[in-house]
Amino acid sequence: MLRKIVVASLTLAFVLLPYSMAARAKDYAKQKSPAEARAELKAEVQSAIARFKKTDPGIERFFKDSAGYAIFPTIGKIGFIFAGGYGEGEVYEAGKLIGVASLSVGTVGLQAGAQEYSEIVFFKDKADVERFRQNRFEFDASASAVVWKSGSAAANDYRGGVAVFVLPTGGVMAEAAVGGQKFSFKPETK
């Protein structure tokens, strides 16, 4: 019975909360032209990369050796028992921009608060990048990310073809929750 409640709650969190946050993000984006919104995202991505590198220069090995990466400069998450979050970012393969992506987060459990963070997902090889491009990529409760601090890169490596780093940027959220992340990729148009 408890398992059914958890599954139903996770489903609800994944379906409703990310969509409401996506709708708010789209309303915000309407205030800017697509070109302005895209330029702003590009600047935010470069700023987030600089923050990760400043916090721990050892992350450079992932930028250098990975087949590609997705970077989400700002992911906002809010909730009480049920939480949802959303963020947009850029995707790179072999150092070249190949598209943009969105990330939806849903969790359920003992949690309360709001937080904002940046996230980078490094892909070990081309097959992992391709899986992401085909929108067949998501994290479940068993995935782990490294909360970024100096020295984190040296102690981290790929798991399941990815290495994930999270850099908190604001807010506070106390949580003992389960959930996951779902990604959506859109190729860059010229």
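Residues numbered from 1 in each chain as written. Predicted model: local features only at pLDDT ≥ 70, side-chain atom pairs only at ≥ 80, totals over all residues. Heavy atoms only, no water.

Topic: helix α4 (residues 126–133)
Then, in step 1: Taken residue by residue, α4 has D128, V129 and F132 as its buried positions. When α4 is viewed along its axis, its buried side chains cluster within an angular range of 100° and face the same direction. Across α4 from its buried face, at more than 90 degrees, point the exposed residues K126 and A127.
Then, in step 2: The secondary structure elements touched by the buried residues of α4 are β1 (68–93), β2 (96–123) and β5 (162–187). (Buried < 20%, exposed > 50% of the residue type's maximum accessible area, 1.4 Å probe, protein only. Helix = DSSP H or I, 4+ residues; strand = E, 2+ residues; numbered from the N terminus. Arc of directions from axis to C-beta. Contact = heavy atoms within 4.5 Å.)

Focus: the packing of aromatic side chains
Then, in step 1: Considering all chains together, one arrives at 12 aromatic pairs under this definition.
Then, in step 2: Aromatic side chains Y69 and F122 sit 5.7 Å apart centroid to centroid with 50° between the ring planes, which places their arrangement in the tilted category. Remark: F122 occurs in strand β2 and Y69 occurs in strand β1; sequence separation between them is 53 residues.
Then, in step 3: Look at F122 and you get buried, because its relative accessible area is 0%. (Phe/Tyr/Trp six-rings, centres within 6.5 Å; stacked < 30°, edge-to-face > 60°.)

Remarks on the environment of F123
Then, in step 1: Topologically, F123 is positioned in strand β2.
Then, in step 2: Considered as a pair, F123 and E93 are 30 residues apart in the sequence and their alpha carbons are 8.9 Å apart.
Then, in step 3: Contacts of F123, omitting those with residues within four sequence positions, involve S66, A67, G68, Y69, A70, D128, V129, F132, F137, Y158, G161 and V162.

Side note on the confidence of the model for the protein chain
Then, in step 1: Per-residue pLDDT for the protein chain averages 80, and the proportion of residues at 70 or more is 75%.
Then, in step 2: Confidence over residues 5–20 falls short of pLDDT 50; this stretch has 26 contacts with residues more than four positions distant or in other chains. (pLDDT = per-residue confidence, 0-100.)

Considerations on the environment of I78
Then, in step 1: Locating I78 in the fold gives a position in strand β1.
Then, in step 2: Looking at I78, the relative accessible area reads 47%, which means it is partly exposed.
Then, in step 3: Residues I78 and G106 lie 28 residues apart in sequence; the distance between their C-alpha atoms is 9.8 Å.

Describing the side chain of S102
Then, in step 1: Examined against the element boundaries, S102 turns out to sit in strand β2.
Then, in step 2: Under the relative-accessibility criterion, S102 is labelled buried at 16%.

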